[in-house]
Amino acid sequence: MKASMYFNYTSRSLLRGGLRTLLAVFCVAVGVMAIVALQLVGSMLQNSLTSSTRDTNGGDIAVTAQSVPFKASDLSYFEQLKSEGAITNYTAVMSANGSLSPVASPGTSGPLSPVASSSQSFSVNAVDPNNYPVVSPPTFVTPSYGSVSNLLTRNQVIITQQLSTTFHHKVGDIVTVYIKTQAGSGQTLHVTIAGVVADSGVFAQSGNLMLISAHDEQAAAPSTPASYSTVYVTTANQAQTDAVVKAINQHFPLASTQTVAGALQAQQSSIDLISKFLEIAGLLALLIGGVGIVNTMQVLLSRRKTEIAMLKTTGYRRVDLYVLFGLEAGLLGMVGGIIGAAAATGVSSIVRILMQNLGLTVPFQLNPWTIAGGVAIGLVTALIFGLIPIVQAANIRPLNVIRDLSESRGASSIALTIALLVVLSVLFCALAIVILKNDVVLGIAAVYGAFAFLLVLSVFFGLVVFVVSKLPVPEHFDLRYLALILVGMAASVLLYLVLPVFGILLFAASLVGIVIVLVPRTWKVSTKMALRNIGRQRTRTTTTMLALFITASLADRR
Amino acid sequence: MHTTVPPETGQAQSTERTVVMDVLNITKNLPLGRERIEILKGISFQIRSGEFVSIVGPSGSGKSTLLGIIAGLDNPTTGQVLIDGVDITRMSEGKLAAVRNSEIGMVFQAFNLIPTLTAQENVEVPLYVGKHKGSPSARAQELLALVGLTHRLDHRPNQLSGGEQQRVAIARALATDPAFVIADEPTGNLDARNGENVLELIAQLRTQTGKTFIIATHDPVVASHADRTIRIVDGKITEIEHSNGSFT
């Protein structure tokens, strides 16, 4: 019963708030959208990079010899390890650069000069079709039931989906490929595209890649000795991996080895860095949204001063009003959170598409906990930032119901506001630490750094509001007023040299100063009233300017 | 602690009545620039159970300030307001809120209904704080029936006439069954006919409920309905007129 009345009162009050309520919902939604979208993107990236690290690594160990490639005789060492049971399998890969001839024509292979520009180049891996890959087999897009061993025969090649998209080639196309290894000379092959593999698993980070049979590659240049850039090795367990890595490093001191654990660690540190960056960006957006909530709720509640005084007259205590307005802020935060989380889903999908266009395969994954967390963050943020206006509203004296009392600006009021700001910053800091996965130092640095920035900005806007509210609107030109205009113009010229846009704005304002003296008297009175009104609620005007500035900055960044 | 006083002459003082409110030497100073102005200069009077008292005076005489103090909305600079022997001027915020909820119902010139709530919900508002028996909606319906608004339960304030809004406000003031109903210019925003209707309603409710009514007004017609009229000029009581025409 009571809950129903409280809900009716708060929801209808929000509806009555109209555009102001919409603005507050927008503030929450933008903050939540930023944080959820960035978390989703971070999570997708993480999944993309770590979910199939073994496949992406090509095996438990990837042995790379870029400077001195492996010769065919070197492979006997791996064969020996396999026969000893130290490893379970291995496969050697010859890497080369390839480029396509613009004219595709069937024919025989033979040495030719390069026929394509470097912008059309891609990677070519010559592999043993019967023993590649040694990890999970690739997923074929076309034909859906293809396999490497069946398709890599008789001058047939397999290409990645990205290469297919980039070069507009499909299964069945006959292409002329110029292949050049690091050590050997170039050769041209006329090949048929027999299959297209998905950009996942072993090909997750391959980009534009063509697979050909090592046999075909050797047949095209029989006089060139085989040289392998990488050998992929699988082992039975981690202990075996560690032992084999040690042995390989001793046997091939110029080669480098990368294990799955090593790849994971290297990726994890960069993923952590990206995730942290994205989370801090989202957090700042949330903080900025919070400023909007403070401003909007202050305006919404100050409009209802008599209503609040009336509630107090009927016996409502501060704590009752905290519950009532807390519910209002909570509703606002929840609606904003839901809208923000829904928008974040769309935004993360767009970001994923953009990343894929940049060549990074990112699986689309919606983590329900992240989305639910977004709604919760919206709710908590609205409650945290609603704290100041709620406490201020609950402090309205019941006597306001009889006569309009000016807001107290005494020492106790200032002390209360400072105390509330401290509480707000501590609560938001706690929220930030939770969002940043318990990184206390980063949370404190991000929140208080942003607060310091907002404080500096507030002081600047406060100064602007003060100066604007004191601007004179004279009836006639006099010497002092002309001096003021001249000072303004001189300052605008100096400002133009440092900040051209602001210089122009100040110059325009100075010109308005001249024009205002010439306008009719009624216009002057209206202008004077407008200027003085700006000065009446300096704190609120400053907060509004801050919120507008930040909203405009966000919109500009988008 | 009730003080028994001798019965006064007049239509409503046929039996002995207890003092339910004792206003003792109230002063109120407010800052005006660098100076302090004295709005109330030592006001003292008593209100008895079931009495209808009007406080009259010209604009700026301090009657609304006095009303705010006796309703527990404001604190005096000095002096006491005893309700049933308990001084409400030195109470904590929580206790004073409880007194306002259970002992005092207020009616205002501007009605002050909550615009987003229906007539019934407006009457229910005081019943959701403090301790009250029974269903708030049943109580609200009962009171709205008493003021003749059964057909307006689900109407919002902007769908009601001024007279109807004031009736809802009176019903709200009675919701928690308070000892006092304190009204500040209750007919000030109404035309003569609606004003007269509201005064009739107050008289009728007074008979039916036995409540004590204290009304601040500058309207002699309103004051003429009261058992006693306390006249304030420049922050001081200049005279107390009884309904039988006698002066104190």
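Scope of this entry: the structure provided in the associated data block. The structure displayed is predicted, hence computed values, not measured ones. All residue numbers refer to positions counted from 1 along the written sequence of the respective chain. To label them, take the chains in the order written and letter them from A, then take the ligands in the order written and number them from 1. A pLDDT threshold of at least 70 governs which residues receive local features in this predicted model, and a stricter bar of 80 or more applies before side-chain atom pairs are shown or counted, although totals over entire chains, interfaces and linings include all residues. The basis for every side-chain value is the complete set of non-hydrogen atoms in the structure, without hydrogens or water.

## Thoughts on the overall build of chain A
Filter applied, for reference: Helix numbering and strand numbering both begin at the N terminus, where a helix is a DSSP run of H or I of at least 4 residues and a strand a DSSP run of E of at least 2. Computation of the radius of gyration draws on C-alpha atoms, with the globule rule given as 2.2 Å multiplied by the number of residues to the power 0.38. In this scheme, a residue with accessible area under 20% of its type's maximum is buried, one over 50% is exposed, and one in between is partly exposed, where area comes from a 1.4 Å probe on protein chains only. Contact definition: two residues touch when any of their heavy atoms are within 4.5 Å. Positive residues here are Lys and Arg, negative ones are Asp and Glu, while His and the chain termini are left out of the count. The atom standing in for a charge is NZ when the residue is Lys, CZ when it is Arg, CG when it is Asp and CD when it is Glu.
When helices and strands are counted, chain A shows 18 helices and 12 strands. Taking 558 residues into account, the globule formula puts the C-alpha radius of gyration at 24 Å, and chain A, at 34 Å, lies well above it. The buried share among the 558 residues of chain A stands at 47%. Here the analysis covers contacts within chain A between residues at least 6 apart in sequence; of these, 82% occur between residues at least 24 apart. Considering chain A, the positive charge centre built from 34 side chains and the negative charge centre built from 22 side chains are found 23 Å apart.

## Some remarks on the layout of surface pockets
Residues and elements named next belong to chain A. The condition that has to hold: Definitions used throughout: a 1 Å grid over protein atoms alone; a cavity as a set of points that fits a 1.4 Å probe which cannot get out; a pocket as an open set with protein on both sides within 12 Å along at least five of seven lines; a lining residue as one with an atom within 4 Å of a point. Grid points are joined across faces, edges and corners, and a volume is the space filled by probe spheres set on the points. Think of it as three bins: nonpolar holds Ala, Val, Leu, Ile, Met, Phe, Trp, Tyr, Cys and Pro, charged holds Asp, Glu, Lys and Arg, and polar takes everything else, Gly as well.
Approximately 1,200 Å³ is the volume attributed to the second largest pocket. In this structure, the second largest pocket is lined by 30 residues; those nearest its centre are Val467, Val468, Leu471, Leu506 and Ala509. For the lining of the second largest pocket, the leading source of residues is helix α16 (residues 500-518), giving 8 residues. Residue classes in the lining of the second largest pocket are distributed as 26 nonpolar, 4 polar and no charged.

## Looking at the pattern of salt bridges
What counts here: Here, a salt bridge means any side-chain nitrogen of Lys or Arg that lies within 4 Å of a carboxyl oxygen of Asp or Glu.
Across all of its chains, the model carries 19 salt bridges over all chains by this definition. Note that Glu307 of chain A and Arg304 of chain A form a salt bridge whose closest N and O atoms lie 3.5 Å from each other. In terms of burial, Glu307 of chain A and Arg304 of chain A fall into one category: buried. Asp74 of chain B is the salt-bridge partner of Arg397 of chain A, the closest N and O atoms lying 3.1 Å from each other. Here Asp74 of chain B lies in the loop between α1 (63-70) and β5 (78-83) and Arg397 of chain A lies in the loop between α12 (368-394) and α13 (411-435), a pairing that spans two chains. Judged by its relative accessible area of 42%, Arg397 of chain A falls in the partly exposed class. A single network of salt bridges, built from pairs that share partners, joins Arg16, Arg304, Glu307 and Glu328 of chain A.

## A short note on helix α8 (residues 238-251) of chain A
All names here are of chain A. Using the following cut-off: Every helix has an expected span of 1.5 Å times one less than the residues it contains. Taken from the helix axis, the directions to the C-beta atoms give the arc we talk about. Side-chain atoms alone can form a polar contact between residues adjacent in sequence; in general such a contact is a pair of N or O atoms within 3.5 Å, and within protein one must be able to donate a hydrogen while the other accepts it.
Over its 14 residues, α8 runs 20 Å from end to end, which matches the ideal 20 Å to within 8%, given 1.5 Å per residue. Every buried residue of α8 is accounted for by Gln240, Thr241, Val244, Val245 and Ile248. All buried residues of α8 project into a common sector of 135 degrees when viewed along the axis, lining one side. In this structure, α8 carries Ala239, Lys246 and Gln250 as exposed residues pointing more than 90 degrees from its buried face. Those residues of α8 hidden inside the fold are in contact with β1 (61-64), α4 (75-84) and β12 (256-259). For α8, the capping residue at the N-terminal end is Asn237, with a side-chain oxygen 3.3 Å from the backbone nitrogen of Ala239.

## A closer look at the packing of aromatic side chains
What counts is decided by this rule: Pairing of aromatic rings covers Phe, Tyr and Trp, the last through its six-membered ring, and needs centres within 6.5 Å; plane angles under 30 degrees mean stacked, over 60 mean edge-to-face, and all others mean tilted.
Taken as a whole, this structure holds 12 aromatic pairs over all chains when the rule is applied. Aromatic side chains Phe385 of chain A and Phe428 of chain A sit 5.3 Å apart centroid to centroid with 65 degrees between the ring planes, which places their arrangement in the edge-to-face category. With Phe385 of chain A in helix α12 and Phe428 of chain A in helix α13, this pair connects stretches of sequence that are 43 residues apart. Across the pair, exposure class does not vary: Phe385 of chain A and Phe428 of chain A are buried alike. Ring centres of Phe52 of chain B and Phe213 of chain B lie 6.3 Å apart, and the angle between their planes is 55 degrees; this geometry places the pair in the tilted category. Placement of the pair is Phe52 of chain B in strand β4 (residues 52-56) and Phe213 of chain B in strand β9 (residues 212-217), with a sequence separation of 161 residues. Aromatic rings pair up to connect Phe70, Tyr77, Phe78, Tyr90 and Phe252 of chain A into one cluster.

## Considering the nonpolar core
Our working rule: What we call a nonpolar core is a set of buried Ala, Val, Leu, Ile, Met, Phe, Trp, Tyr and Cys residues that are connected through their side-chain atoms within 4.5 Å.
Judged by nonpolar contacts, the single largest core of 95 residues is most densely connected at Tyr316 and Phe428 of chain A together with Met21, Ile70, Ile182 and Ile214 of chain B. Per-element tally for this core: the top contributor is α12 of chain A, with 9 residues. Dropping the residues within four chain positions of it, Ile182 of chain B is found in contact with Leu67, Ile70, Ala71, Ile104, Gly105, Met106, Val107 and Ile214 of chain B. Tyr77, Val157, Ile179 and Ala214 of chain A belong to the second-largest nonpolar core, a separate cluster that totals 42 residues.

## Remarks on unusual backbone geometry
Residue and element names in this part refer to chain A. Pro133 follows Tyr132 through a cis peptide bond whose omega is -10 degrees. One can find Pro133 in the loop between β4 (122-127) and β5 (140-142). The omega angle of the peptide bond from Thr142 to Pro143 is -15 degrees, so this bond is cis rather than trans. Along the polypeptide, Pro143 turns up in the loop between β5 and α5 (148-151). Phi at Arg154 takes a positive value of approximately 45 degrees, unusual for a residue other than glycine.

## Observations concerning the packing of helix α9 (residues 260-302) of chain A against α12 of chain A
To describe two helices that pack against each other, one gives the angle between their axes and the distance between the axes. Residues and elements named next belong to chain A. Convention followed: Every angle, taken between N-to-C directions, lies between 0 and 180 degrees, and every axis is a line fitted to C-alpha atoms, over only the stretch in contact when it is a helix. Angles below 35 degrees are treated as roughly parallel, those above 145 as roughly antiparallel, those between 65 and 115 as roughly perpendicular, and all remaining angles as oblique. Note on convention: the crossing is left-handed when the near helix lies turned anticlockwise from the far helix by less than a right angle, right-handed when the turn is clockwise.
Packing of α9 against α12 leaves a shortest axis separation of 8 Å and a crossing angle of 40 degrees. The orientation of α9 with respect to α12, classified from their angle, is oblique. As for how α9 packs across α12, the hand of that crossing is right-handed. Counting all contacts with α9, which are made through Leu286, Leu287, Gly290, Val291, Ile293, Val294, Met297, Gln298 and Leu301, the residues of α12 involved are Ile377, Thr381, Ala382, Phe385, Gly386, Ile388, Pro389, Ile390, Gln392 and Ala393. Here the contact of α9 with α12 is composed, by residue class, of 14 nonpolar, 5 polar and no charged.

## Let's talk about the interface of chain B and chain A
Rules: Put simply, buried area is the surface a 1.4 Å probe can reach on two separate parts but cannot reach once they are joined, added for both.
Contact with chain B, which involves 30 residues of that partner, is made by 27 residues of chain A. Both faces combined, the contact of chain B with chain A buries some 2,500 Å², and carbon together with sulfur accounts for 65% of it. The closest approach of N and O atoms between Glu93 of chain B and Lys312 of chain A, which form a salt bridge, is 4.0 Å. Between the two partners, chain B and chain A, sit 8 residue pairs in polar contact (both at pLDDT 80 or more).

## Some words on a positive patch on the surface
Put simply, the rule is: For patch detection, residues must exceed 30% relative accessible area and be free of salt bridges, and they are connected within 9 Å for like charges or within 5 Å for nonpolar side chains (Val, Leu, Ile, Met, Phe, Trp, Tyr). Computed by Shrake-Rupley with a 1.4 Å probe, the accessible areas treat only the displayed protein chains as cover when residues are assessed.
On the surface, Lys470, Lys528, Arg532 and Arg538 of chain A cluster together into a patch of positive charge. Within the secondary structure, Lys470 of chain A sits in the loop between α14 (440-469) and α15 (479-498).

## Examining the environment of Pro138 of chain A
All names here are of chain A. Residue placement: Pro138 occurs in the loop between β4 and β5. Between the C-alpha atom of Pro138 and that of Gly373, which follows or precedes it by 235 residues, the distance is 35 Å. Discounting chain neighbours no more than four positions away, the residues touching Pro138 are Pro133, Val148, Val197, Val202 and Phe203.

## Some points on the side chain of Asn131 of chain A
Residue and element names in this part refer to chain A. Of note, Asn131 is situated in the loop between β4 and β5. In terms of polar contacts, Asn131 uses its side chain to reach the side chain of Asn89, at 3.0 Å. Not counting the four nearest positions on each side in its chain, Asn131 is found in contact with Asn89, Tyr90 and Thr91.

## A few points about the sheet that holds strand β11 (residues 236-242) of chain B
Residues and elements named next belong to chain B. Spelled out, the test is: Pairing between strands is defined by DSSP: at least two bridges between them are needed.
Pairing within the open sheet is mixed, and its 6 strands lie in the order β7-β8-β9-β4-β10-β11. At either end of the open sheet lies a strand with only one pairing partner, and these are β7 (104-108) and β11. Neighbouring strand axes in the sheet, compared pairwise and without regard to direction, differ in orientation by 15 degrees on average. As paired elements, β4 and strand β10 (residues 228-233) share 4 bridges and run parallel to each other. For Ile55, the partnering residue across the bridge sits in β10 and is Ile230. Relative to β7, helix α2 (residues 93-103) is tilted by about 75 degrees, and along the sheet it contacts β7 and β8 (180-184).

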